[in-house]
Amino acid sequence: MAKKLKTYQTSLGFFDLAMAAPSMKAALEAWGADSNLFHQGAAKESHDPDVIAATLAKPGVVLRRPVGTDRPFSEHAELPTDLGGGGPTKAARKSKGPKAKKPSSRPVDKVAERKAAFDYERERRSRELERAKEEAARQKDRERRQQAINKAQAALDKAEQEHAKRAAAIQAEVEALEKRSQTEEARWDKEKERLEAALRRARG
C-alpha cells in the first residue's frame, strides 16, 4: 500500500518550495538540501489546503513560487520581481503572518490525497527504474572500456615479448661474433708469430 503523503515547504534562494512526499527525508533529497532544514527550522509540514492541493496534484514534483509571495505554487515559477527594489524584507513579510497564513476554506480531497500517494509511488518506481537503466548503461560502457583496455594491454604485452625475443636473438648473434673475433685474433697471433720466426731465420 502506498504511504500517505504529506506536504512539506521551505525557502531556498529566490523561491519558496513545496512538494508532497512520504517523509521529510524524501523532501530534503528532492530539494537537494545538504542539511536537515526541518531541524534548523527552515522547513516545515504545510497545512495550507491550497498548497496541499497543489502538491498532491503533482506528487513528488518540487513546486516553486517567488520567495515571500502568496502566489500559487507551480513547476516553473518566475523570479521575484522586487529583487533589490526596496520592497519589504523577509522579516517584514513575516510580520504580516496572520494575513499570509490565512487558511483556505477548501477541504482537502481525501480521494485526491490517496490518488496522489499512489501517483507518487508510481513516479518513485519510475525514477528507480530509470536510474537502474542508466546504471546498467554505465556498467556496460565500463565493461566495453575495460575490454578495450584489456585488448590494448594484451597487444602491448605480446609486442614486448616479441621485442624481448628478437633482442635476445640479436644479443646471441653479437656474442657469437665476439667469440669468433676473439678466436680469429688468437689464431692470427700464433700464425703471425710463426711467420715472423721463419722470416728471422731466413735473414740469418
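Shown above is the structure to which this text applies.
Just so it is clear, the structure is predicted and the values come from calculations on it, not from any experiment. (Residues numbered from 1 in each chain as written. Predicted model: local features only at pLDDT ≥ 70, side-chain atom pairs only at ≥ 80, totals over all residues. Heavy atoms only, no water.)

Draft legend 1. Fine view of the overall build of the protein. Along its length, the protein carries five helices and four strands. The order of helices and strands in the protein, counted from the N terminus, is β-β-α-β-α-β-α-α-α. Within the protein, contacts between residues at least 6 apart in sequence are counted, and of these 59% link residues at least 24 apart. Surface accessibility of the protein: about 15,400 Å² in total, with carbon and sulfur atoms responsible for 55%. (Helix = DSSP H or I, 4+ residues; strand = E, 2+ residues; numbered from the N terminus. Contact = heavy atoms within 4.5 Å. Areas by Shrake-Rupley, 256 points an atom, 1.4 Å probe, with all protein chains shown as cover.)

Draft legend 2. Structural detail: a negative patch on the surface. On the surface, a cluster of negative charge is made up of Glu185, Asp189, Glu193 and Glu196. Looking at the element boundaries, Glu193 is found in helix 5 (residues 110–203). (Patch = residues over 30% accessible without salt bridge, like charges linked within 9 Å, V, L, I, M, F, W, Y side chains within 5 Å. Salt bridge = Lys/Arg side-chain N within 4 Å of Asp/Glu carboxyl O. Lys, Arg positive; Asp, Glu negative; His and termini not counted. Charge placed at Lys NZ, Arg CZ, Asp CG, Glu CD.)

Draft legend 3. Structural view of helix 1 (residues 24–31). Within the span of helix 1, buried status applies to Ala26, Ala27, Leu28 and Trp31. Gly32 sits one or two positions beyond helix 1 and adopts a positive phi of about 75°. (Buried < 20%, exposed > 50% of the residue type's maximum accessible area, 1.4 Å probe, protein only.)

Draft legend 4. Structural detail: the sheet that holds strand 4 (residues 63–66). Sheet architecture is open: four strands sit in the order 3-1-2-4, paired in antiparallel fashion. At either end of the open sheet lies a strand with only one pairing partner, and these are strand 3 (43–45) and strand 4. Each neighbouring strand pair of the sheet contributes to a mean axis angle of 20°, computed without reference to strand direction. Of the strand pairs in this sheet, strand 1 (residues 6–12) and strand 2 (residues 15–21) are connected by seven bridges, and their pairing is antiparallel. Bridging across to strand 2, Lys6 finds its partner in Ala21. Running over the sheet, helix 2 (residues 49–57) touches strand 1, strand 2 and strand 4 and is turned about 65° from strand 2. (Pairing = 2+ DSSP bridges. Axes fitted to C-alpha atoms, helices over the stretch in contact; angles between N-to-C directions.)

Draft legend 5. Examining the side chain of Asp16 more closely. As for its placement among the helices and strands, Asp16 is situated in strand 2. A polar side-chain atom of Asp16 sits 2.4 Å from a polar atom in the side chain of Ser11. Setting aside anything within four residues of it in sequence, one finds Asp16 in contact with Thr10, Ser11, Leu63, Arg64, Arg65, Pro66, Val67, Gly68, Thr69 and Phe73. (Polar contact = N/O pair within 3.5 Å; in protein donor to acceptor, adjacent residues only side chain to side chain.)

Draft legend 6. Representation of helix 2. When we look at burial in helix 2, the residues that qualify are Pro49, Val51, Ile52, Thr55 and Leu56. Buried residues of helix 2 fall within an arc of 160° about the axis and therefore sit on the same side. (Arc of directions from axis to C-beta.)

Draft legend 7. Region of the structure containing the pattern of salt bridges. Counting across every chain of the model gives nine salt bridges. Across the pair Asp141 and Arg144 runs a salt bridge whose closest N-O atoms are separated by 3.0 Å. Separated by three residues within a single helix, Asp141 and Arg144 lie in helix 5, roughly one turn from each other. Put simply, Glu184 and Arg187 hold a salt bridge, and the shortest N to O gap is 2.8 Å. Here Glu184 pairs with Arg187, and both are found in helix 5, just three residues apart, close to one helical turn. For Glu184, a relative accessible area of 38% corresponds to the partly exposed category.

Draft legend 8. Inspection of the layout of surface pockets at higher detail. Approximately 240 Å³ is the volume found for the second largest pocket. Looking at the second largest pocket, the residues that line it are Met19, Pro22, Ser23, Ala26, Glu29, Ala30, Gly60, Tyr120, Glu121, Arg124, Arg127 and Arg131. If you list the elements that add at least two residues to the lining of the second largest pocket, you get helix 1 and helix 5. Among the elements that take part in the lining of the second largest pocket, helix 5 stands out by supplying five residues, more than any other. Here the lining of the second largest pocket is built from residues that sort into five nonpolar, two polar and five charged. (1 Å grid on protein atoms, 1.4 Å probe; cavity = no way out; pocket = protein on both sides within 12 Å on 5 of 7 lines; lining within 4 Å. Points joined across faces, edges and corners; volume = space filled by probe spheres on them. Nonpolar A, V, L, I, M, F, W, Y, C, P; charged D, E, K, R; others polar.)

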